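What the coordinates show
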There are 2 protein chains.
Amino acid sequence: MFKHVKQSRAYQDVVEQIQDGIIAGTLKPGSQLPAERDLKEQFGVSRGTLREALRVLEQKGLIEIRTGVAGGSIIREVNSEQLSENLGLLIRNRTVSLRDLAEFREGMEGGVAALAAQRGQEQDMALLKKLLTEAEEHLKEGRKGWDAFIRTDEMLHMALARMSGNQLFISVLESVYYNIHTYYENYLSRGKKILQENFNDLQAIVTAVTERNEEAARELAQGHVRRFNTYMEEKEA
Amino acid sequence: MFKHVKQSRAYQDVVEQIQDGIIAGTLKPGSQLPAERDLKEQFGVSRGTLREALRVLEQKGLIEIRTGVAGGSIIREVNSEQLSENLGLLIRNRTVSLRDLAEFREGMEGGVAALAAQRGQEQDMALLKKLLTEAEEHLKEGRKGWDAFIRTDEMLHMALARMSGNQLFISVLESVYYNIHTYYENYLSRGKKILQENFNDLQAIVTAVTERNEEAARELAQGHVRRFNTYMEEKEA
DNA sequence: TCGTACTAATGGTTAAACCATTTGCAGCTG
DNA sequence: CAGCTGCAAATGGTTTAACCATTAGTACGA
């Protein structure tokens, strides 16, 4: 439950002070920290120690460091980049398999679809229909449209996630998709028949969402993901 | 898709070389890197630069650094700690509401229960029953057993997550529970009647899991979480 | 008006020294 | 001999001071 205490590490103290400031809102995204030579005075540490702290904060995704005059440490808008990186590391160390990723996604897409049905605005619904039309067009293009279809499919899923209004779903699903595409691109299902089935699923989901039928959206999305996981696993074997 | 290239940063090069070694398996978990004063020679950089690289690797969770003779940088077994930290930062920074956390959890618990029903071993089932018995005892203790009941409830949910055999579920749920307890402890439902209902739900879920009834387990777990989210939201209002 | 070159601010790197922590061993003591 | 004490050495942690590299702004000249 608790993390081990590492004592007498000055840079850790610096990291925590800045991090707390960001979380508390004292340090707002976009604003700049003082220059290293100033900061080291304020913290009462050497520049080397301060820089180790800044490296840690950078790795956590909390700041971005630019060189040159008017450069320096800029507080970042927090995003899911670091989460993605860590997921990627886990995956590459074989701790997380394709099956794990897919199962995880299955767990979430149902909830996302239900929330999207509940909270989507008119403009969101319009976007869904637009993406659906795009997908259909890519499908008609035959083999050369397959990759584009898969991209559109993903955009549609991410649009649903954004409609859920839940940043956790958005960030985590972003990570999952990023890692699936980076490390398992080849296992994504292709082929006329299977993509047609995929499209039919999407159409049904979008219809349920636009009709604000939460339970139908949940069931359809879950079933859809589950079925396509099976296809991927067959391909993996 | 691609990350921005940051040029002329020597420490990044060091990070990548070591990280690649770990991923490729050349550097195995548990093994030690040479001392800083040796490493800096091998990489041809100064000690300060090398240390910035080590700080980054440490923050990524790839190495652990110990002081003293026989200390140094030890390659770590990759685990979910960093993922949890990132998720925690996202949660805190986005000022994610209790509702967001709860919805997210709702999305996952169903999948977890279904997988647990599918993959649980005999000993896992035994643990579930043991935890259920404990929970019942805490319930009988009245008001003073409430906190203990909630802990047991959480342990039961984590046991289910572990039974799923999916490291992603395990890591993410760990982080979600940790953050709920850290920031929303006061909103957790208490009271004789409500905890009794909670217990009944748990009993039903465990029964479904031990009978390997995936769909029942999924439905029960999802419904359970959803219902208790409503209670929490009422309390929040 | 445009472009070139200089200037200054800022992060990136280096070097050498010293501090702090930890392990293990030598030697002392009972 | 058993066990404690304290020192020595290895290793990470920190400091200092200097210099290199990159970049935005500015002054100046074609």
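Quick caveat: nothing in here was measured; it's all calculated off a predicted structure.

**Observations regarding the domain arrangement of chain A**
Interfaces are often described in size by the accessible area the parts lose on coming together. What the domain assignment reports for chain A is domain 1 (10-75) and domain 2 (81-236). Computed from C-alpha atoms alone, the centre-to-centre distance between domain 1 of chain A and domain 2 of chain A is 37 Å.

**Thoughts on unusual backbone geometry**
The phi dihedral of alanine 70 of chain A falls on the positive side, at around 65°, and the residue is not glycine. Despite not being glycine, arginine 212 of chain B has its phi angle at roughly 55°, a positive value. By the secondary structure assignment, arginine 212 of chain B is in the loop between helix H9 (192-210) and helix H10 (214-236).

**Observations concerning the side chain of aspartate 153 of chain A**
Residues and elements named next belong to chain A. Following the sequence through the fold, aspartate 153 ends up in helix H7 (residues 146-163). Of the buried charged residues, aspartate 153 lacks a salt bridge, with arginine 105 as the closest side chain of opposite charge at 4.8 Å. Contacts of aspartate 153, omitting those with residues within four sequence positions, involve Asn198, Leu202 and His224.

**Some thoughts on the relation of the copies chain B and chain A**
The operation relating chain B to chain A is a screw motion whose rotation component is 180°, with 0.1 Å of axial translation and a residual RMSD of 1.0 Å. The operation mapping one copy onto its partner corresponds to a two-fold rotation axis. Counting the interface residues of chain B, we find that 96% of their copies in chain A are interface residues as well, pointing to one common contact surface.

**Overview of the interface of chain B and chain A**
Listed per partner, the contact involves 53 residues of chain B and 55 residues of chain A. Across the chain B/chain A interface, buried area totals approximately 5,300 Å², and carbon plus sulfur atoms make up 57% of it. Run the count over chain B and chain A and you get 14 salt bridges. Residue arginine 9 of chain B is joined to glutamate 58 of chain A by a salt bridge in which the shortest nitrogen-to-oxygen separation is 2.7 Å. Inspection of the region where chain B meets chain A yields 19 residue pairs in polar contact (both at pLDDT 80 or more). Elements with a minimum of two residues in the side of chain B that touches chain A: helix H1 (10-24), helix H3 (47-60), helix H4 (81-93), helix H5 (98-119), helix H8 (167-184) and H10 of chain B. Classifying every residue of the side of chain B that touches chain A by side-chain character gives 21 nonpolar, 12 polar and 20 charged.

Reading guide: rules and limits
Each chain has its residues counted from 1, running along the sequence as written. Working convention: letters from A go to chains and numbers from 1 go to ligands, in the order in which they are written. Given that the model is predicted, a residue must reach a pLDDT of at least 70 before its local features are reported, and side-chain atom pairs must reach 80 or more before they are shown or counted; all residues, however, enter totals for whole chains, interfaces and linings. To obtain the side-chain values, all non-hydrogen atoms of the structure were included, while hydrogens and water were left out. By convention here, the domain bounds are inherited from an automatic or database domain assignment. Secondary structure elements are defined from DSSP: runs of H or I of at least 4 residues count as helices, runs of E of at least 2 residues count as strands, and each element is numbered from the N terminus. Only protein chains enter the area calculation, which uses a 1.4 Å probe; residues under 20% of their type maximum are buried, those over 50% are exposed, and those in between are partly exposed. The charged-residue count follows a simple rule in which Lys and Arg add positive charge and Asp and Glu add negative charge, with His and chain termini not counted at all. For this document, the term salt bridge refers to a Lys or Arg side-chain nitrogen within 4 Å of an Asp or Glu carboxyl oxygen. Every residue pair with non-hydrogen atoms within 4.5 Å of one another is taken to be in contact. Superposition of the copies was done by least squares, using only C-alpha atoms of residues whose pLDDT is at least 70 in both. Here's the idea: put two parts together, see how much 1.4 Å probe accessible area each one loses, and the total over both is what we call buried area. Polar contact is defined as a pair of N or O atoms within 3.5 Å, subject to the rule that within protein one atom must be able to donate a hydrogen and the other to accept it, and that residues adjacent in sequence are counted only when both atoms are side-chain atoms. Side-chain classes follow a simple rule in which Ala, Val, Leu, Ile, Met, Phe, Trp, Tyr, Cys and Pro form the nonpolar group, Asp, Glu, Lys and Arg form the charged group, and the remainder, Gly included, forms the polar group.

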